[in-house]
Amino acid sequence: MAKDGLFPDINRRDFMKTCVTVSAMLGLPFGMVSKVAASARASDSRPAVIWLHFQECTGCSESLLRSTHPTLSNLILDMISLDYHETLMAGSGHQAEQALHDSMLANKGKYILVVEGAIPTKDNGIYCKVSGKTAMDSLQKAAEGALAIIAMGTCASYGGIQSVGPNPTGAVGVRDLVKDKPIINIPGCPPNPYNFLSTVLYFVTFKKLPELDQLGRPKFAYGRKIHEHCERRAHFDAGRFAKAYGDEGHSQGYCLYKLGCKGPATYANCSVVRFNDANVWPVSVGHPCIGCTEPELLFKTAIADKVQIHEPTPFDSYAPVDLKDKGKGPDPLTTGVIGLAAGAAVGAGVMMARKLPDGPEKGADHDKTE
Ligand code: SF4
């Protein structure tokens, strides 16, 4: 579709939808869509990317590759110059190592390093080796010439499940080892590919990295709690909770807080952007959020345990109660645009909370919290 032959597998309509979605996610004014699209099409702006795998399940790459509408993975892979990716590249052995070496040399100081997986540090890092080199050594060498590092997924961001006590391999995230490079954490198990795409597009459009929160996450994607946009939020506010899997409240789509949902303490955009091009996310199919973007929640709090709600936040469509907070995050209009654009891009609108009959129902639980 594009003049320069990029994106052969995606039509112009889907391409523009994706650019609108990304621009909305980034909180950019509508007029910036054309600049984002132009940057995505410009072949000379394709950043070289080296993608390393360490202690992980490859679910982050799978999440990216399994997105099919509108061929998001093709868009991403056409937008970047993916010079090295152990599970995607055709080469292997010495040929692959040569490709890695050549790319690091040719693009020194300019490439983006993507890391998937935690890095084991115990016993000099012997618990993860690729091509005879420990993950620690490979990371250190690749990081030296990188312009910036994207830690893709919760394992690379914080260590993930591998780092949970007793942490037999001494697994850590990238930020624990690399201190002299910009690091963007895109946590999630798996992370949403749109968050990766938006980060890359922001970089190629503005030649700088997006604003990050205190955990190194892009604020455009991790600036609000999922609880603020959840389609079950009306049930939470009305005190209607599922109390067991398969009970009447669960089958009615009630709030999953009492089943351990970590949504009230989890910063992410899952409830807006959703997954699998099918407009779903765990809570929409009946499973509580496990807090996979939060280093202090995932695998450290049992799935069934309830989180304490220290900072209650209103549902996104409620009028703001404290105007002094205005400007701290995306405003409701931006939130709405994100929802609409993301819905359009994945082929469906954002699900709305179910309308319920007035008054209590059989099986409803009217305690808000315990
Ligand atoms: S507690 Fe979980 S299921 Fe309930 S409204 Fe919040 S995010 Fe949704």
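Just so you know, these numbers come straight off a predicted model, no measurement behind them.

Trainee: Just checking my understanding: could you explain the packing of helix α2 (residues 33–41) against helix α8 (residues 193–206) for this structure?
Mentor: To characterise two packed helices, one gives the angle between the axes of the helices and the distance between these axes. Interhelical geometry of α2 versus α8 gives an angle of 90 degrees and a closest axis separation of 9 Å. Judged on the interaxial angle alone, α8 and α2 are roughly perpendicular. From α2, Lys35, Val36, Ser39 and Ala40 reach across to α8, where they touch Leu201, Val204 and Thr205. Here the residues of the contact of α2 with α8 are counted per class, giving four nonpolar, two polar and one charged.

Trainee: Please clarify how the pattern of salt bridges should be interpreted in this entry.
Mentor: Oppositely charged side chains may form a pair once their charged atoms are brought near each other. Applying the stated criterion across every chain yields a total of seven salt bridges. Residue Arg233 pairs with Asp237 through a salt bridge whose shortest N-O separation is 2.9 Å. On the criterion of helical spacing, the pair formed by Arg233 and Asp237 is a turn pair, its members being four residues apart in helix α10 (residues 233–238). In the salt-bridge network here, residues are joined through shared partners; they are Asp213, Arg217 and Glu294.

Trainee: Quick question: what am I supposed to make of the nonpolar core here?
Mentor: Among soluble globular proteins, nonpolar side chains are generally buried collectively. In terms of nonpolar packing, the biggest core is built from 49 residues, with Val114, Ile150, Met152, Phe196 and Leu201 touching the most fellow members. Sorting elements by how many residues they give to this core places α8 first, with eight residues. Mapping this core onto the domain boundaries places at least three of its residues in each of domain 1 (12–222) and domain 2 (226–346). Apart from residues lying up to four places away in sequence, Leu201 is in contact with Val22, Val36, Ala40 and Met79.

Trainee: Looking at this structure, I do not really get the confidence of the model for the protein. What am I missing?
Mentor: For residues with low pLDDT, the predicted coordinates do not support detailed interpretation. Confidence in the prediction for the protein averages 81 pLDDT; 79% of positions are at 70 or higher. In the predicted structure, residues 1–5 sits below a pLDDT of 50 and forms 12 contacts with residues beyond four places in sequence or in another chain. This model gives residues 325–370 a pLDDT under 50, and the stretch forms 83 contacts once residues within four places in sequence are excluded.

Trainee: Even after reading the chapter, I still don't get the site of the ligand, so can you show me in this structure?
Mentor: With respect to spatial proximity, the complete set of residues near the ligand consists of His227, Cys230, Arg232, Arg233, Phe236, Cys255, Leu256, Tyr257, Cys261, Gly263, Pro264 and Val283. The residue makeup of the shell around the ligand, split by class, is eight nonpolar, two polar and two charged.

Trainee: Explanation requested: the pairing of strand β9 (residues 183–186) in the structure shown.
Mentor: What you see with β9 is no split at all: Ile183 and Asn185 on one side and Ile184 and Ile186 on the other are buried throughout. Note that strand β7 (residues 146–152) and β9 share four bridges and pair parallel. When the sheet's bridge partners are listed, Met152 is paired in β9 with Ile186.

Trainee: Hey, could you run me through the environment of Ala99 in this one?
Mentor: Mapped onto the elements, Ala99 comes out in helix α5 (residues 93–106). Distance from Ala99 to Tyr84, taken between C-alpha atoms, is 6.8 Å for residues 15 residues apart in sequence. The contacts of Ala99, once residues within four sequence positions are left out, are Asp83 and Met89.

Trainee: How do you make sense of the packing of aromatic side chains when you look at a structure like this?
Mentor: Both the distance between ring centres and the angle between the ring planes are used here to describe each pair of aromatic rings. Tallied over the full model, the rule gives five aromatic pairs. Aromatic pair Phe236 and Tyr257: ring centres 6.0 Å apart, planes at 80 degrees, arrangement edge-to-face. Pair noted here: Phe236 is in helix α10 and Tyr257 is in the loop between α11 (248–251) and α12 (270–273), with a separation of 21 residues, a long-range link. By relative accessible area, Phe236 is classed as buried at 9%. Tyr257 sits in the buried class, given a relative accessible area of 3%. With 6.2 Å between their ring centres and 55 degrees between their planes, Phe241 and Tyr257 make a pair best called tilted.

Trainee: Is there a simple way to think about the pairing of β7 in this case?
Mentor: Consecutive residues of a regular strand have side chains that alternate between opposite faces of the sheet. For β7, the buried fraction is high: six of the seven residues fall into the buried class. Relative to β7, strand β3 (residues 111–116) is paired through six bridges, and the arrangement is parallel. Residue pairing for β7: Ile112 is matched across the bridge by Ala148.

What counts and what doesn't
Residues numbered from 1 in each chain as written. Predicted model: local features only at pLDDT ≥ 70, side-chain atom pairs only at ≥ 80, totals over all residues. Heavy atoms only, no water. Axes fitted to C-alpha atoms, helices over the stretch in contact; angles between N-to-C directions. Helix = DSSP H or I, 4+ residues; strand = E, 2+ residues; numbered from the N terminus. Parallel < 35°, antiparallel > 145°, perpendicular 65-115°, else oblique. Contact = heavy atoms within 4.5 Å. Nonpolar A, V, L, I, M, F, W, Y, C, P; charged D, E, K, R; others polar. Salt bridge = Lys/Arg side-chain N within 4 Å of Asp/Glu carboxyl O. Core = buried A, V, L, I, M, F, W, Y, C linked by side-chain atoms within 4.5 Å. Buried < 20%, exposed > 50% of the residue type's maximum accessible area, 1.4 Å probe, protein only. Domains from an automatic or database assignment. pLDDT = per-residue confidence, 0-100. Near = heavy atom within 4 Å. Pairing = 2+ DSSP bridges. Phe/Tyr/Trp six-rings, centres within 6.5 Å; stacked < 30°, edge-to-face > 60°.

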